[in-house]
Amino acid sequence: MPETIRIQFVCLGNICRSPLAEAVFRDKVVDQGLGDRFEIESSGTGDWHVGEGADNRMRQTAADNGHSLEEHTASQFQAEDLEAYDHVFVMDKSNLNDVLYFDEDDRHSGKVRLFREFDPQPGDYQVPDPYYGGEEGFQNVYEIVSRTSEVILERLVAEYDLNSGPVEP
């Protein structure tokens, strides 16, 4: 069992969906007292926003729901991330294809999953991109991310037996 469980959330530009998932999941992990067991990051498959902060509308939505994206800086998913992370959760099927493109020998496909595979209300299994929509789209994404993050954390706690106390070195 890894000492630190490395999680990465991936969307297109890393300014809306994946930074929100990173922040919400991190807050849920910390609330359960498991902050030292996880490393949580996010990235985008495209490079358009590398170095930028989160979208202002998503920052506001996050803040309205008790989370902060103020420290976020967008980055791009890299091929070596497949090796470095234990779990990669992608926001839509396009992101899934883009990430799996880097997995030339099909060694990592089991760790790359659609985020909404874990959503109790999965719809079409894709987190809609709110970038070109109105404010209600950002809140909808927050609701999807919040409930799905809860389930992912529950599953990881069970998978890694994190309720049994600290792991011996």
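The notes below deal with the structure included here. Predicted, not measured: the structure shown is a model, and the values here were computed from it.

Each value, and the rule that gives it
- Residues numbered from 1 in each chain as written.
- Predicted model: local features only at pLDDT ≥ 70, side-chain atom pairs only at ≥ 80, totals over all residues.
- Heavy atoms only, no water.
- Phe/Tyr/Trp six-rings, centres within 6.5 Å; stacked < 30°, edge-to-face > 60°.
- Helix = DSSP H or I, 4+ residues; strand = E, 2+ residues; numbered from the N terminus.
- Buried < 20%, exposed > 50% of the residue type's maximum accessible area, 1.4 Å probe, protein only.
- Salt bridge = Lys/Arg side-chain N within 4 Å of Asp/Glu carboxyl O.

### Observations concerning the packing of aromatic side chains
Under the counting rule described, the total for this entry stands at eight aromatic pairs. Centroid distance phenylalanine 89 to phenylalanine 118: 5.7 Å. Interplanar angle 85 degrees. Geometry classified as edge-to-face. Here phenylalanine 118 lies in the loop between strand 4 (112-114) and helix 5 (135-159) and phenylalanine 89 lies in strand 3 (residues 87-90), a separation of 29 residues in the sequence. You can call phenylalanine 118 buried: its relative accessible area is 10%. Both rings, one in tyrosine 131 and one in tyrosine 132, keep their centres 4.8 Å apart while their planes meet at 85 degrees; by these two values the pair is edge-to-face. Classification of tyrosine 131 by relative accessible area gives partly exposed; the value is 27%.

### Quick notes on the pattern of salt bridges
Throughout the structure, instances matching the rule amount to 12 salt bridges. Ionic pairing is found between aspartate 92 and arginine 17, a salt bridge with its closest N-O pair at 3.0 Å. In this pair, aspartate 92 sits in the loop between strand 3 and helix 4 (93-101) while arginine 17 sits in helix 1 (residues 17-31), placing the two residues 75 residues apart along the sequence. Aspartate 119 is the partner of arginine 147 in a salt bridge, and the nearest nitrogen-oxygen pair spans 2.6 Å. Of this pair, arginine 147 sits in helix 5 while aspartate 119 sits in the loop between strand 4 and helix 5, and the two are 28 residues apart along the sequence. By relative accessible area, which is 22% here, arginine 147 ends up partly exposed. Through salt bridges with shared partners, a single network forms among Arg17, Asp92 and Asp129.

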